Amino acid sequence: MHNLGTIDLALDEMLVNLAAIVLRLSTPELTRTPEARRALAQSVHQYAVCAKRSSDPRVHELKAQLEETLKPSLRVVAIDGVKVA
């Protein structure tokens, strides 16, 4: 049973490291193309599937951060120099 706990901790650490990598790759400069956005969405989805069974709060916080990267960024729109949105 001790081995299962050790494996669980190792998997959680791997998930934390993986999330850090995906977060670094999720910057707007790297995800400009539709293909890059799809790849990011697939990575976030696969991470969420793996994170689902984790009991580590760091993994769930990182999952939430990754899911935020998929939301479109809002921009300010102006007509004749007046902000409208």
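As a reminder, the structure under discussion sits directly above these lines.
Our subject in this report is the structure included herewith. (Residues numbered from 1 in each chain as written. Predicted model: local features only at pLDDT ≥ 70, side-chain atom pairs only at ≥ 80, totals over all residues. Heavy atoms only, no water.)

**With respect to the overall build of the chain**
Next, step 1: Summing up its helical and strand segments, the chain has three helices and two strands in all.
Next, step 2: Each helix and strand of the chain, placed in order from N terminus to C terminus, yields the pattern α-α-α-β-β.
Next, step 3: The C-alpha atoms of the chain give a radius of gyration of 17 Å, which is well past the 12 Å a tight globule of 85 residues would have.
Next, step 4: Seen through its C-alpha atoms, the chain measures out along the principal axes to roughly 70 × 25 × 15 Å.
Next, step 5: Looking at the chain as a whole, 22% of its 85 residues qualify as buried.
Next, step 6: Considering only contacts in the chain between residues 6 or more positions apart, those separated by 24 or more positions represent 51%.
Next, step 7: For the chain, the exposed area adds up to about 6,700 Å²; of that, 62% sits on carbon and sulfur atoms.
Next, step 8: Taking the average location of the 11 positive side-chain charges in the chain and that of its 10 negative ones, the two points are 5 Å from each other. (Helix = DSSP H or I, 4+ residues; strand = E, 2+ residues; numbered from the N terminus. Rg over C-alpha atoms; globule rule 2.2 N^0.38 Å. Buried < 20%, exposed > 50% of the residue type's maximum accessible area, 1.4 Å probe, protein only. Contact = heavy atoms within 4.5 Å. Areas by Shrake-Rupley, 256 points an atom, 1.4 Å probe, with all protein chains shown as cover. Lys, Arg positive; Asp, Glu negative; His and termini not counted. Charge placed at Lys NZ, Arg CZ, Asp CG, Glu CD.)

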